[in-house]
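One-letter residues, chain by chain:
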Amino acid sequence: MSFKPVSLAIIFTIAFLTGAPTKAEVSQEAELDLALRLAVLLQSARAVIGAEQALINDPAIGDKGLTGKEVLARATKAFVEKTGAPPLSDGMDAREADLISALMASITEVMDANAASINREGIAFKGFVPAVFGRLVNETFLSKAGDRAEIKVTAPMSLVRNRKSRPDAWEDQVITEYLLSPEWQKGAVYSSLTETGDREAFRVMVPEYYTEGCLACHGSPAGEVDVTGYPKEGGALGDLGGVISITLYP
Ligand code: HEC
């Protein structure tokens with residue numbers, strides 16, 4: 001993953017803050033910042049799992065040392081490199097600290113829950129790819145903090161592999177009308193104060209584009225079965241491959 005949602009968010013924020021910011025705009029800016037911090041933490045953890053695919057799939061090695069603690073430590077380090085600040089710090093807003101902590105705990109729990117399978121000798125491909133890890137982390141986060149926030153990785157409808165990751169009506173509309181539009185500035189984040197169910201929600205969509213490493217599974221020829229057993233989507237370098245969708249309930 002080689003994009004920088006935080007700097008893009010700054011561009012985006014400047015674009016919508018024309019003139020003196022109103023109170024609503026200032027609070028939306030804080031919500032956007034929190035959502036992007038959650039997205040960067042998820043991306044950082046997923047990148048650790050991506051970088052360790054060869055190790056995870058090595059049938060000759062038992063204990064791979066990829067404990068929850070280890071993965072979280074490496075994700076935290078990458079988070080600091082990307083944002084210039086640690087995910088948690090003293091004096092941080094309590095709600096933000098709570099949500100970041102819930103995501104950190106979810107990362108640790110998913111690694112520890114899958115340790116037996118990751119450390120199994122004699123089996124090569126284990127299906128523990130970054131997307132699966134990310135989905136499990138988001139499901140765990142939902143069980144911890146779902147009344148306050150939700151994180152989901154979705155994709156344009158035609159690309160979705162796992163039904164659980166299908167975009168909802170709002171996500172589908174944002175993807176087709178904005179993120180896939182030729183006029184959409186590549187990498188720009190979409191956010192909006194809206195409603196889900198009958199609750200007010202601040203929703204953020206962080207686009208992710210295919211890089212070279214994604215195409216072994218999501219590339220060409222379309223229909224050819226990849227190592228995970230799914231047919232490839234025929235995606236090309238730079239295509240919109242997915243979206244991190246974050247919902248914050250104020
Ligand atoms: C080793 C094969 C493989 C590689 C490489 C890979 N993916 Fe996937 N991807 C999968 C599988 C398998 C799923 C379904 C995961 C699940 O069960 O939730 C998936 C799911 C996804 C999803 C969630 C939506 C859905 O279709 O269920 C997105 C978004 C995604 N991949 C994007 C990417 C991007 C971007 C890259 C490169 C950074 C990438 N993938 C690299 C195999 C791969």
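Higher on the page you've got the structure.
As the structure is a prediction and not an experimental result, all values here were calculated from the model.

J.: Could you give an account of the overall build of the protein, naming the residues involved and the relevant values?
T.: What the protein contains, in helices and strands, is nine helices and four strands. Going residue by residue from the N terminus, the α and β elements of the protein occur as α-α-α-α-α-α-α-β-α-β-β-α-β. Within the protein, the fraction of its 250 residues that count as buried is 45%. In the protein, the share of contacts with a sequence separation of at least 24, taken over all contacts with a separation of at least 6, comes to 67%. Summing over all exposed atoms, the protein offers an accessible surface of approximately 12,100 Å²; the carbon and sulfur share of this is 56%.

J.: Can you tell me about the site of the ligand, naming the residues and giving the values?
T.: Around the ligand sit 22 residues, and of these R135, R161, C214, C217 and H218 come closest. At 2.7 Å, a backbone N or O of R161 approaches an oxygen atom of the ligand. Take H218: an N or O atom from its side chain is 2.8 Å from a nitrogen atom of the ligand. Per-element accounting of the shell around the ligand gives the leading share, three residues, to helix α7 (residues 130–145).

J.: Give me the lowdown on the packing of aromatic side chains, citing residues and values where you can.
T.: Summed over all chains, the structure comprises five aromatic pairs. Note on Y178 and W184: the rings are 5.8 Å apart at their centroids and 75° apart in plane angle, and the pair reads as edge-to-face. Between the aromatic rings of Y178 and Y190, the centroid separation amounts to 4.6 Å while the plane-to-plane angle is 40°, which identifies the pairing as tilted. In this pair, Y178 sits in helix α8 (residues 169–179) while Y190 sits in strand β2 (residues 190–196), placing the two residues twelve residues apart along the sequence. For Y178, a relative accessible area of 32% translates into the label partly exposed. By relative accessible area, which is 15% here, Y190 ends up buried. A connected cluster of aromatic rings, assembled from ring pairs, spans W170, Y178, W184 and Y190. Between R199 and the ring centre of Y249, over which it is positioned, the NZ or CZ distance is 4.0 Å.

J.: Could you give an account of the pattern of salt bridges, naming the residues involved and the relevant values?
T.: If you walk through the whole model with that rule in mind, you get 17 salt bridges. When the shortest N-O distance is used, the salt bridge between R46 and E208 registers 2.5 Å. Taken together, the residues R46 in helix α2 (residues 23–51) and E208 in strand β3 (residues 199–209) connect sequence positions 162 residues apart. Accessibility assignment for this pair places R46 and E208 in one class, buried. One network of salt bridges, with partners in common, ties together K152, D168, E171 and R203.

J.: Let's hear about the nonpolar core: which residues, and what values?
T.: If you look at the biggest cluster of nonpolar residues, it comprises 41 residues, and the most contacted ones within it are L38, I107, F133, V204, I246 and L248. If you list the elements that add at least two residues to this core, you get α2, α4 (68–83), α5 (94–113), α7, β1 (149–154), β3 and β4 (240–248). Those residues in contact with V204 that lie beyond four places of it in its chain are L32, A35, L36, V189, Y190, S191, I244, S245 and I246. Counting residues in hydrophobic clusters, the runner-up holds nine residues, among them W170, V174, L179 and Y209.

J.: Go over the packing of α5 against α7 with me, naming the residues and quoting the values.
T.: Contact geometry for α5 and α7: axes closest at 8 Å, N-to-C directions at 130°. Overall, the two elements α5 and α7 adopt an arrangement that is oblique. α7 is crossed by α5, and the crossing has right-handed handedness. Within the contact between the two elements, α5 uses L99, A102, L103, A105, S106, I107, E109, V110 and M111 and α7 uses F133, L136, V137, T140, F141, K144 and A145. Looking at side-chain class alone, the contact of α5 with α7 contains twelve nonpolar, two polar and two charged residues.

Analysis parameters
- Residues numbered from 1 in each chain as written.
- Predicted model: local features only at pLDDT ≥ 70, side-chain atom pairs only at ≥ 80, totals over all residues.
- Heavy atoms only, no water.
- Helix = DSSP H or I, 4+ residues; strand = E, 2+ residues; numbered from the N terminus.
- Buried < 20%, exposed > 50% of the residue type's maximum accessible area, 1.4 Å probe, protein only.
- Contact = heavy atoms within 4.5 Å.
- Areas by Shrake-Rupley, 256 points an atom, 1.4 Å probe, with all protein chains shown as cover.
- Near = heavy atom within 4 Å.
- Polar contact = N/O pair within 3.5 Å; in protein donor to acceptor, adjacent residues only side chain to side chain.
- Phe/Tyr/Trp six-rings, centres within 6.5 Å; stacked < 30°, edge-to-face > 60°.
- Lys NZ or Arg CZ within 6 Å of the ring centre and 35° of its normal.
- Salt bridge = Lys/Arg side-chain N within 4 Å of Asp/Glu carboxyl O.
- Core = buried A, V, L, I, M, F, W, Y, C linked by side-chain atoms within 4.5 Å.
- Axes fitted to C-alpha atoms, helices over the stretch in contact; angles between N-to-C directions.
- Parallel < 35°, antiparallel > 145°, perpendicular 65-115°, else oblique.
- Left-handed = near helix turned anticlockwise from the far one by under 90°.
- Nonpolar A, V, L, I, M, F, W, Y, C, P; charged D, E, K, R; others polar.

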